[in-house]
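Now for the letters of each chain:
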Amino acid sequence: MSIYARLEEKNITLNPPPPSVAAFVPFVVTDDLVFLSGHIARRDGKPWVGRLGDTMTTAEGKEAARAIGIELLGTLHAATGDLSRIRRIVKLTVLVNSAATFTEQHLVANGASELLVDLFGDIGAHTRAAFGVAQIPFGSCVEIELVAAI
Amino acid sequence: MSIYARLEEKNITLNPPPPSVAAFVPFVVTDDLVFLSGHIARRDGKPWVGRLGDTMTTAEGKEAARAIGIELLGTLHAATGDLSRIRRIVKLTVLVNSAATFTEQHLVANGASELLVDLFGDIGAHTRAAFGVAQIPFGSCVEIELVAAI
Amino acid sequence: MSIYARLEEKNITLNPPPPSVAAFVPFVVTDDLVFLSGHIARRDGKPWVGRLGDTMTTAEGKEAARAIGIELLGTLHAATGDLSRIRRIVKLTVLVNSAATFTEQHLVANGASELLVDLFGDIGAHTRAAFGVAQIPFGSCVEIELVAAI
């Protein structure tokens, strides 16, 4: 089954990359690597504001990370023209807006990781760093960047 | 107009890479990618100490990011021997020393991003992640790392 | 002297990669680059919990970073089959669980950097970004990710 059939099966619609709010671009393709900018969590088209361990639960953070995963797929589609050109999801960096006491960044990050493995299978298995940050642009709860090989 | 002519026009002088204060190097060239170490903000040759949303304004942070951009260009020149060898600025990671309430990391980061786009044009348009961190070595206000393709 | 002889001389035993606690893998090899996931500090097989500038000293943090360096080498061995295939250690990203007042992330990071330079010599000299984060999964004191060229 193709990635697009799996997306349809899961009732996931891809969006074009979010408009840049600053002097940078959503993706760069360089030889066989695709770099994606950090994508922040959005809900209803607006930044999904919150801090884990303070105003948000781990389950909500995981849902936000999954939503970013879908945004990243939309940008990957725009970058490659066809998601089947992806040879490997190489790396996710998952930044979690965290209170000093919150230590479940890995569980939050799973929202995006599990989506990618679910959709891409073995080539969706990626390296990852997840950690807690002091803040994220617009107060968003999670930000994720991605590298893929094509 | 060459990059060097544009730099002269803007009255920007490039410096050699800052001396390493630890067991690492300012750049590594590997095949077609150049990786630059995180460069911290400096002023008058000393770490530019401050925290956004606390002791520094967004405008000051943006100025610090632009100053780091110039340092990164000096290191890129040292890494490549000639800035015209750069095919693309691939990625910036912009770490902003942030109070818990500060959410304008993207505006701070623009200080470096706009400089690169201004100097390199289309090939200066890069991917980017900007976020708030708890601290930076020497208490510096901003730290930026860069990846370029040659 | 081979890397393995140097390791034996230093009485360092490599372990297999730590079991993944989430939906990701410890390493991905893509053409000539090896990406390693963020490895957290462990002691006696458990997360090495602490915050620099609060419950841990710089010397202890440096020791934790060195311990992660050994874990990264175990994962690099698993990724390459033979550490002598490594052409260059390209980059370390060193995340230090930091109180707002702690500004010696570079000294903590040296625990891993010095080990790599000590073992690999010139090809162990790498680019690096070190900074303070709000938290790390499981409350670990340090997390490090690595990119190498083969």
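Residues numbered from 1 in each chain as written. Chains lettered and ligands numbered in written order. Predicted model: local features only at pLDDT ≥ 70, side-chain atom pairs only at ≥ 80, totals over all residues.

Colleague: Account for the interface of chain A and chain B, with residues named and values stated.
Modeller: Listed per partner, the contact involves 24 residues of chain A and 26 residues of chain B. Elements with a contribution of two residues or more to the side of chain A that touches chain B: strand 1 (27–30), strand 2 (33–40), strand 5 (88–97) and strand 7 (142–149) of chain A. Per-class residue counts for the side of chain A that touches chain B are 15 nonpolar, six polar and three charged. (Contact = placed C-beta atoms within 7 Å. Helix = DSSP H or I, 4+ residues; strand = E, 2+ residues; numbered from the N terminus. Nonpolar A, V, L, I, M, F, W, Y, C, P; charged D, E, K, R; others polar.)

Colleague: So what's going on with the sheet that holds strand 6 (residues 127–133) of chain A? Residues and values would help.
Modeller: Paired through their backbone hydrogen bonds, the strands of a sheet run either parallel or antiparallel. Residue and element names in this part refer to chain A. Read from one edge to the other, the open sheet built from five strands follows the order 1-2-7-5-6, with strand pairing classed as mixed. In this open sheet, the two strands that pair with only one neighbour each are strand 1 and strand 6. Ignoring strand direction, the axes of neighbouring strands in this sheet form an average angle of 10°. Taken together, the six bridges between strand 2 and strand 7 define a ladder with antiparallel strand orientation. From the neighbouring strand, F35 faces strand 7, where its bridge partner is V147. Helix-sheet contacts for helix 2 (residues 58–80) involve strand 1, strand 2, strand 5 and strand 7, and the interaxial angle to strand 2 is about 140°. Each of strand 5, strand 6 and strand 7 is contacted by helix 3 (residues 105–120), which is oriented at about 155° to strand 5, the strand it contacts most. (Pairing = 2+ DSSP bridges. Axes fitted to C-alpha atoms, helices over the stretch in contact; angles between N-to-C directions.)

Colleague: Give a detailed account of the relation of the copies chain A and chain B, specifying residues and quantitative values.
Modeller: You can overlay chain A on chain B at an RMSD of 0.0 Å; the transform is a turn of 120° with a shift of 0.0 Å along its axis. Accordingly, the operation relating the two chain copies is best matched by a three-fold axis. A different interface surface on each copy is seen, since only 8% of the contact residues of chain A are contact residues in chain B too. (Least-squares fit on C-alpha atoms with pLDDT ≥ 70 in both.)

Colleague: Please provide a residue-by-residue account of the interface of chain A and chain C, values included.
Modeller: Listed per partner, the contact involves 26 residues of chain A and 24 residues of chain C. Looking at the side of chain A that touches chain C, the elements with two or more residues in it are strand 5, helix 3 and strand 6 of chain A. Partitioned by chemical class, the residues of the side of chain A that touches chain C number twelve nonpolar, nine polar and five charged.

Colleague: For helix 3 (residues 105–120) of chain C, give the residues involved together with the corresponding values.
Modeller: Residue and element names in this part refer to chain C. For helix 3, built from 16 residues, the straight-helix expectation of 22 Å at 1.5 Å per residue is met to within 8% by its first-to-last C-alpha distance of 23 Å. Summarising burial for helix 3: twelve of the 16 residues are buried, a large majority. What helix 3 keeps buried is the set Q105, H106, V108, A109, N110, G111, A112, S113, L115, L116, L119 and F120. Elements in contact with the buried residues of helix 3: helix 1 (3–9), helix 2 (58–80), strand 5 (88–97), strand 6 (127–133) and strand 7 (142–149). Positive phi shows up at G121, right after helix 3, with a value of about 65°. (Expected span 1.5 Å × (residues − 1). Buried ≥ 20, exposed ≤ 12 C-beta atoms within 10 Å, placed from the backbone.)

Colleague: For the sheet that holds strand 7 of chain C, give the residues involved together with the corresponding values.
Modeller: Residue and element names in this part refer to chain C. Pairing in this open sheet of five strands is mixed, and the strands run 1-2-7-5-6 from one edge to the other. On the outer flanks of this sheet lie strand 1 (27–30) and strand 6, each paired with one strand and no other. Geometrically, the sheet is characterised by an average inter-axis angle of 10° between neighbouring strands, direction not taken into account. Against the sheet, helix 2 contacts strand 1, strand 2 (33–40), strand 5 and strand 7, and its axis sits at roughly 140° relative to strand 2.

Colleague: Outline unusual backbone geometry, listing residues and values.
Modeller: All names here are of chain B. Of note in the backbone geometry, N11 takes a positive phi value of approximately 60° without being a glycine. Note that N11 resides in the loop between helix 1 (3–9) and strand 1 (27–30). With phi around 55°, D44 is a residue other than glycine that occupies positive phi space. Take D44: it is sitting in the loop between strand 3 (42–43) and strand 4 (46–47).

Colleague: Could you give an account of the relation of the copies chain A and chain C, with specific residues and numbers?
Modeller: Superposition of the two copies of the chain requires a rotation about an axis together with a shift along that axis. In screw terms, the move from chain A to chain C is a rotation of 120° and a rise of 0.0 Å along the axis, fitting with an RMSD of 0.0 Å. Little of the interface of chain A is mirrored in chain C, where only 8% of its interface residues again form contacts.

Colleague: Go over the pairing of strand 7 of chain C, please, and point to the residues and values.
Modeller: Residue and element names in this part refer to chain C. Summarising burial for strand 7: eight of the eight residues are buried, a large majority. Burial of strand 7 is two-sided: the residues V142, I144, L146 and A148 facing one way and the residues E143, E145, V147 and A149 facing the other way are all buried. Where strand 5 lies against strand 7, eight bridges are found, and the strand directions are antiparallel. Residue pairing in the sheet places K91 in a bridge with V147 of strand 7.

Colleague: Break down the packing of helix 2 of chain C against helix 3 of chain C for me, citing the residues and quoting the values.
Modeller: Residues and elements named next belong to chain C. Two numbers describe how helix 2 lies on helix 3: the axes approach to 7 Å, and their chain directions differ by 35°. Between helix 2 and helix 3 the crossing geometry is right-handed. Across from T58, G61, K62, E63, A64, A65, R66, I68 and G69 in helix 2, the residues of helix 3 making contact are L107, V108, A109, N110, G111, A112, L115 and L116. Among the residues forming the contact of helix 2 with helix 3, the class breakdown is nine nonpolar, five polar and three charged. (Left-handed = near helix turned anticlockwise from the far one by under 90°.)

Colleague: Describe the environment of B:T57, naming the residues involved and giving the relevant values.
Modeller: Residues and elements named next belong to chain B. Relative to the elements of secondary structure, T57 occurs in the loop between strand 4 and helix 2 (58–80). For T57, a count of 13 C-beta atoms within 10 Å translates into the label partly exposed. Between the C-alpha atoms of T57 and V108, which are 51 residues apart in sequence, the distance is 9.3 Å.

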